[in-house]
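What the coordinates show
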Amino acid sequence: MTALDLSSDRPARRHSLALSIGLALVGLNVAVAILTLFCTPYDPLNASGGRLEAPSLLHWVGTDRLGRDYLTQIMIGARTALIVGTGAVAIGASIGVTLGILAAFATRLLDDVMAATLDILIAFPTLLLAMLVVAASDSASLWSAILALGLAISAIVARLTRILAKRVLRQDYIIASRTSGTSWPGVVVRHVLPNIWPTLSVNFALQFGLAVIAEASLSYLGLGAPPPNASWGRLLQEAQGTVYTAPVGAIAPGIALVALVIGMNLLADGLRDVGDPTRGRSR
Amino acid sequence: MSALLSVQGLTVSTGGKTLVSDVSFSIGSGERMGLIGESGSGKSMTAMAITGLLPANISVTGSIMLDGQEVVGTDDKHLNRLRGVATAVVFQEPLTALDPLMKIGKQIAEPVRRRLAREQGRVTRLAVDREVLDLLDKVALPQPERIANAYPHEVSGGQRQRVAIAMALACRPKLLIADEPTTALDVTTQAEILKLLDGLVRETGMALLFISHDLPVVAEVVERVMVLRDGIAVEEGAVADVFGNPSHDYTQTLVDAARVFDEALGRTGS
Ligand SMILES: Nc1ncnc2c1ncn2[C@@H]1O[C@H](COP(=O)(O)OP(=O)(O)OP(=O)(O)O)[C@@H](O)[C@H]1O
Ligand SMILES: [Mg+2]
C-alpha cells in the first residue's frame with residue numbers, strides 16, 4: 001500500500017503552482033489594502049485631474065467623471081473587499097461551525113429540526129437577505145452588510161459542518177480514541193475539527209469570494225458602504241454610464257474583483273493539498 | 001477477592017433483536033481470558049458493552065462491574081473516568097483505528113499525557129515525549145523517532161497494529177481488551193504481534209480479554225475461554241478442557257474446523 005507512489009511528483013508540483021498564484025493574488029490585495037492605511041497616490045475624495053482622463057503616467061487607470069483618481073479608489077476598494085470577506089467569513093465560520101458541531105451531537109429530533117431550519121435559511125437568497133438587513137438598519141453601513149452576509153454564510157457552514165462532523169464521528173478512530181478516555185469535547189478538538197478542516201477551509205474561501213461579490217452587488221445597487229469606503233461595486237456602478245467612452249473605469253475594478261476571488265480559491269485549494277498528509281495517495 | 005471485571009446476565013439488544021443474551025463471566029486481575037465464536041456471534045458487542053461505548057440505539061441490560069464500578073446505566077461522564085484507566089482496547093483494523101491526519105507520536109501522546117496528569121498531577125512535554133518513544137520501543141518498532149513523526153498511512157499494517165498496542169499500553173490499563181487484533185494481518189505478522197502482545201501482558205501483569213475466532217491463536221495467549229454462539233455462551237472453561245474435550249457440538253465444530261484448517265496449511269498443532 002505504501003510502497004509505490006508513482007503519481008506523487010506531478011500533482012505536488014501542480015498544487016504548489018496553484019498555491020503560488022493564489023498567494024500572489026491574495027498577497028497583492030492584502031499588501032495594497034494595508035498600504036492604503038498609510039498613503040494613497042491621490043486624495044480619494046477630491047479631484048486630482050480632469051474628468052474621465054484616459055490612463056496616463058500621472059493617473060495609471062485614469063480618472064472618474066469627477067476627476068478623481070481611479071487607482072486610488074480601486075486600492076481603497078481592495079481594503080473594503082478584504083474587510084467584508086474576512087468579517088463575513090469570520091462571523092459565518094464561528095457561528096456555523098459551532099452550530100454544525102452541536103447539531104452533529106444533538107438528539108435525532110433536535111438534529112432534524114436544525115437541518116430543516118438550515119435548509120430553509122439557505123434556500124433564501126443571500127443577496128436578498130443582505131438587502132433586507134441593510135435596508136432595515138437606519139443607514140447603509142459596511143457593518144450591516146458584513147453582518148448580513150456573515151449570517152447567510154453561517155447557515156451554509158453549519159450545514160456543511162454538520163454533515164462532515166457526522167461522517168467523522170462514525171469513523172473507527174473516534175471510538176478507539178474514546179476507549180482510551182478522550183472526552184467528547186476532546187474528540188471534537190483533536191479529531192473532528194482537524195479532519196473536517198481541509199474541506200471547511202476550501203468552503204470558507206468560496207464563501208469569502210461570494211461575500212466579496214455580494215458586497216459589490218450591494219454597493220452597485222446603492223446599498224453598500226457610503227464614501228469614503230470606496231467599493232468596487234460602486235466603482236462599477238459609477239462607470240456604467242461611461243462604459244463606452246471610458247471602459248477602463250469598469251474593467252479595472254472588475255479585474256480586481258475577479259483576481260481576489262480566484263486568488264482566494266487557488267490559495268485554499270493549495271493549502272488543503274499541502275495540509276493533507278494523505279493527499280497524493282489513494283482517497 | 002472481588003474480580004476486576006464481573007459480567008452478570010449481560011443482554012444486548014437492538015430493535016427487538018437480541019445480539020448477546022444472558023452472558024456471565026468474570027476476569028480477575030492479571031487473568032487472561034479468551035472469547036471465541038464465529039463472525040456475528042456478539043464478541044465485539046460484549047467487548048464494547050464493557051467500555052460503555054455501544055451506540056445509543058443498542059440497549060444493554062444486566063450488570064457489568066468493572067474495577068468496583070457498575071457500567072450498565074452509568075452516565076458517560078463517569079464511565080469516561082474508567083476508560084483508559086480500567087480498560088483499553090486494541091481493535092481489529094489498525095488503519096481505521098488511527099486518526100489519518102494525526103502523527104503517530106501525537107496519537108500516543110494523548111493517553112500518555114492523561115495518565116501522567118492523573119498519576120503525577122503535572123506533565124512536562126519532555127516526560128511525554130520520552131514515554132512515547134519508550135512505548136514505541138517497547139512494541140519493537142524500529143526507529144521510534146521516525147515512526148513518531150509519521151502518519152498512519154506511512155507505516156505498514158503490522159507496524160500500525162504495534163502503534164495501536166502502544167496506544168493501549170500508554171494507558172497502563174488494568175484490563176486490556178484485544179478485539180481480533182491479528183485478524184487483519186498476514187500470518188507471519190500475526191505470529192509476531194501475538195508474541196508481542198503475550199509478552200507485554202505477562203510483563204505488565206494486566207488482565208486480558210482476548211477476542212478471536214481463531215482457536216490456535218486463542219489457545220496460545222489465554223488460560224480460559226468462553227465460546228459464544230449467536231450471542232449465547234455455550235461453553236466456558238480452561239483452554240485445554242474446552243478444546244481437548246468439547247462438551248458442546250458447536251465447540252466441537254470449531255475445533256474440527258481449526259484442525260482441518262491447520263492440516264491444510266501443514267501446521268503442526270499448537
Ligand atoms: N450497530 C448495530 N446495530 C444493530 N446490530 C448490530 C450493530 N452492530 C452489529 N450488529 C449485529 O450484532 C451482531 C453481533 O455483532 P458483533 O460485532 O458483536 O459480532 P462479532 O462476534 O464481533 O463478529 P466478528 O468476528 O465478525 O467481528 C451481528 O449479528 C451484527 O449484525
Ligand atoms: Mg467483532
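Residues numbered from 1 in each chain as written. Chains lettered and ligands numbered in written order. Predicted model: local features only at pLDDT ≥ 70, side-chain atom pairs only at ≥ 80, totals over all residues. Heavy atoms only, no water.

1. Concerning the interface of chain B and chain A
- Listed as interface residues are 27 residues of chain B and, on the opposing side, 22 residues of chain A.
- Together, the buried faces of chain B and chain A total about 2100 Å²; carbon and sulfur atoms form 59% of this surface.
- At the junction of chain B and chain A, the tally comes to two salt bridges.
- Where chain B touches chain A, the interface holds 11 residue pairs in polar contact (both at pLDDT 80 or more).
- For the side of chain B that touches chain A, the secondary-structure elements that each account for two or more residues are α1 (43–51), α2 (76–82), β6 (87–90) and α3 (104–120) of chain B. (Contact = heavy atoms within 4.5 Å. Buried area = accessible area lost by both parts, 1.4 Å probe. Salt bridge = Lys/Arg side-chain N within 4 Å of Asp/Glu carboxyl O. Polar contact = N/O pair within 3.5 Å; in protein donor to acceptor, adjacent residues only side chain to side chain. Helix = DSSP H or I, 4+ residues; strand = E, 2+ residues; numbered from the N terminus.)

2. A closer look at the nonpolar core
- Within the largest apolar cluster, 59 residues are counted, with the highest numbers of intra-cluster contacts made by V192 and W232 of chain A.
- Counting only elements with at least two residues in this core, the list comes to α1 (9–38), α2 (70–105), α4 (126–136), α5 (142–169), α6 (172–179), α7 (184–220), α8 (232–239) and α9 (248–275) of chain A.
- Among all residues touching V192 of chain A, those that are not within four sequence positions of it are I101, A165, V168, L169 and V187 of chain A.
- Core analysis: the second largest hydrophobic core is formed by 53 residues, V139, L141, A168 and V227 of chain B among them. (Core = buried A, V, L, I, M, F, W, Y, C linked by side-chain atoms within 4.5 Å. Buried < 20%, exposed > 50% of the residue type's maximum accessible area, 1.4 Å probe, protein only.)

3. Some words on the environment of G249 of chain A
Residue and element names in this part refer to chain A.
- Inspection of the secondary structure assignment puts G249 in helix α9.
- On the basis of relative accessible area, G249 is assigned to the buried category, the value being 2%.
- C-alpha separation for the pair G249 and R65, spaced 184 residues apart in sequence, amounts to 9.7 Å.

4. Here's the deal with the sheet that holds strand β2 (residues 17–27) of chain B
All names here are of chain B.
- The sheet built from four strands is open, its strands ordered β2-β1-β4-β5 with antiparallel pairing. Among the strands making up the open sheet, the edge pair consists of β2 and β5 (69–70).
- One ladder, built from seven bridges, connects strand β1 (residues 5–14) with β2; its direction is antiparallel. Pairing of V12 across the sheet is with V20, part of β2. (Pairing = 2+ DSSP bridges.)

5. Here we look at helix α3 (residues 108–123) of chain A
All names here are of chain A.
- Between its first and last C-alpha, α3 extends 23 Å over 16 residues, near the 22 Å set by a 1.5 Å rise per residue.
- If you check which residues of α3 are buried, you get D111, M114, A115 and L118. The arc that holds every buried residue of α3, seen down its axis, measures 100°, which confines them to one face. Residues L109, I120 and A123 are exposed on α3 and point more than 90 degrees away from its buried face.
- Those residues of α3 that are buried are in contact with α2 and α5. (Expected span 1.5 Å × (residues − 1). Arc of directions from axis to C-beta.)

6. Thoughts on the packing of α5 of chain A against α7 of chain A
- Put simply, α5 of chain A and α7 of chain A touch, their axes get as near as 8 Å, and they point 145° apart. When the axes of α5 of chain A and α7 of chain A are compared, the crossing they make is right-handed. (Axes fitted to C-alpha atoms, helices over the stretch in contact; angles between N-to-C directions. Left-handed = near helix turned anticlockwise from the far one by under 90°.)

7. Some remarks on the side chain of E215 of chain A
Residue and element names in this part refer to chain A.
- In this structure, E215 sits in helix α7.
- The buried charged residue E215 lacks any salt bridge, with R234 as its nearest oppositely charged partner at 7.3 Å.
- For E215, the side chain forms a polar contact with the side chain of S219, separated by 2.9 Å.
- Setting aside residues up to four positions removed in sequence, E215 forms contacts with T80, V84, L142, L149, A225 and S231. (Lys, Arg positive; Asp, Glu negative; His and termini not counted.)

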